[in-house]
Amino acid sequence: MLLVASKVLSKDKPVVGVNTDPERSEGHLCLPVRYTHAFPEALKKLCCGEFRWLWRQRIRLHLEGTGINPTPVDLHEQQMSLEQHSQAHRITTMLRKGNPYESFSKPNLLPIRSLNEIFIGESLSSRVELNSIKPHVKLLLHRASYYEISVDDGPWEKQKSSGLSICTGTGSKAWSYNINKLAEQAVEEVLNIGKSQTGLDIPLNRDFIEKVTDLYNESLVFSPDDRRMFFSIREPIVNRVFSSSRQRGFASKSVNLLRL
């Protein structure tokens, strides 16, 4: 469904999803499960206009800089090997060391509209390397993203993290939700600290903790037709150099990122 939606650029072309594997797939973006085995009935209703339109906002992405390939690649069709990733990284590094204006591209609007979310991070965020002392030991090295971020043309902030997720209302129930949701255990521990620090009589029974958890997690989900975007900083690193004043929040117009 997401792949098909990415190919449709016109707002006047409807996209209809059918869940072909309801036993293993929830199919949030598809017709009700009963139409999986009764699609002729669904098709008849669609042709007769017996349906309601659901408008879903999508995200556009502009790229500008060095070493940018404006042609999108579908990962299900092409997977870059470790050597290809390393070669791309070396080319980008060489361009930065030379004249940055020689290969600096103009602002380029990607010919794809994101229905769920956009993730910005290292192309090869982790890789396995062999330990030279103990050859049988493998180390998984994590590469963080260094960038400056500005939300809705606000002040720039230098950050270091595992990447940035920007989602629509449609995507707020997917990856973004799982990045930010709280578990009942975490809520209970925070309420315990709040109770001890304030002396307030906070009920810490199971029903209250479950209610608070549900209310917070539900606040992360918003309507598919909402024009706002929700950004999430994954695993932010905060120290003397890097900060993270807002690890999540809404953007009404744009989220600008400058890679360092």
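Everything numeric in this text was worked out from a predicted model, so none of it was measured.

Caption draft 1: Here's a closer look at the state of the cysteines. Following the criterion strictly, the structure yields 0 disulfides and no others. Residue cysteine 47 stays outside any disulfide, its sulfur separated by 6.7 Å from that of cysteine 48, the closest cysteine. Note on cysteine 47: relative accessible area 67%, which makes it exposed.

Caption draft 2: Broad picture of the nonpolar core. In this structure, Ile59, Ile118, Tyr147, Ile149, Val151, Leu164, Ile166, Met229, Phe231, Ile233, Ala251 and Val255 together form the largest nonpolar core, which totals 12 residues. Contributing elements (two or more residues each) for this core: strand 6 (145–151), strand 8 (163–167) and strand 9 (229–234). Apart from the residues lying within four places of it in its own chain, the contact partners of isoleucine 118 are Ile59, Leu61, Leu164, Ser165 and Ile166.

Caption draft 3: Spotlight on the packing of helix 5 (residues 184–198) against helix 6 (residues 206–218). Relative orientation of the contacting elements helix 5 and helix 6 amounts to 110°, with a least axis distance of 9 Å. By the criterion of interaxial angle, the relationship of helix 5 to helix 6 is roughly perpendicular. In this structure, helix 5 contributes Glu184, Val187, Glu188 and Leu191 to the contact, and helix 6 contributes Arg206, Phe208, Ile209, Glu210, Val212 and Thr213. Split by residue class, the contact of helix 5 with helix 6 holds 5 nonpolar, 1 polar and 4 charged.

Caption draft 4: Structural detail: the pairing of strand 9. For strand 9, the buried fraction is high: 5 of the 6 residues fall into the buried class. As defined by bridge partners, strand 8 adjoins strand 9 across 5 bridges and the pair is classed as antiparallel. Paired with isoleucine 166 across the two strands is phenylalanine 231, which belongs to strand 9. Bridge count between strand 9 and strand 10 (residues 248–251): 4 bridges; the pairing is antiparallel. Paired with phenylalanine 231 across the two strands is glycine 249, which belongs to strand 10.

Caption draft 5: Broad picture of the pattern of salt bridges. For the structure shown, the criterion picks out 7 salt bridges. Ionic pairing is found between aspartate 21 and arginine 24, a salt bridge with its closest N-O pair at 2.8 Å. Taken together, the shared-partner salt bridges connect Arg34, Glu41 and Lys45 into one network.

Caption draft 6: Examining the sheet that holds strand 9 more closely. Spatial ordering of the open sheet is given by 3-8-9-10, a layout of 4 strands whose pairing is antiparallel. Unpaired on one side and paired on the other, strand 3 (117–120) and strand 10 mark the two borders of the sheet. Each strand of the sheet is rotated relative to its neighbour by a mean of 20°, with strand direction disregarded. Note that strand 3 and strand 8 share 4 bridges and pair antiparallel. Looking across to strand 8, one finds that phenylalanine 119 is bridged to serine 165.

Quick notes on the rules
Residues numbered from 1 in each chain as written. Predicted model: local features only at pLDDT ≥ 70, side-chain atom pairs only at ≥ 80, totals over all residues. Heavy atoms only, no water. Disulfide = S-S within 2.5 Å. Buried < 20%, exposed > 50% of the residue type's maximum accessible area, 1.4 Å probe, protein only. Core = buried A, V, L, I, M, F, W, Y, C linked by side-chain atoms within 4.5 Å. Helix = DSSP H or I, 4+ residues; strand = E, 2+ residues; numbered from the N terminus. Contact = heavy atoms within 4.5 Å. Axes fitted to C-alpha atoms, helices over the stretch in contact; angles between N-to-C directions. Parallel < 35°, antiparallel > 145°, perpendicular 65-115°, else oblique. Nonpolar A, V, L, I, M, F, W, Y, C, P; charged D, E, K, R; others polar. Pairing = 2+ DSSP bridges. Salt bridge = Lys/Arg side-chain N within 4 Å of Asp/Glu carboxyl O.

So, to be careful, I would describe these as geometric facts and stop short of saying anything about function.
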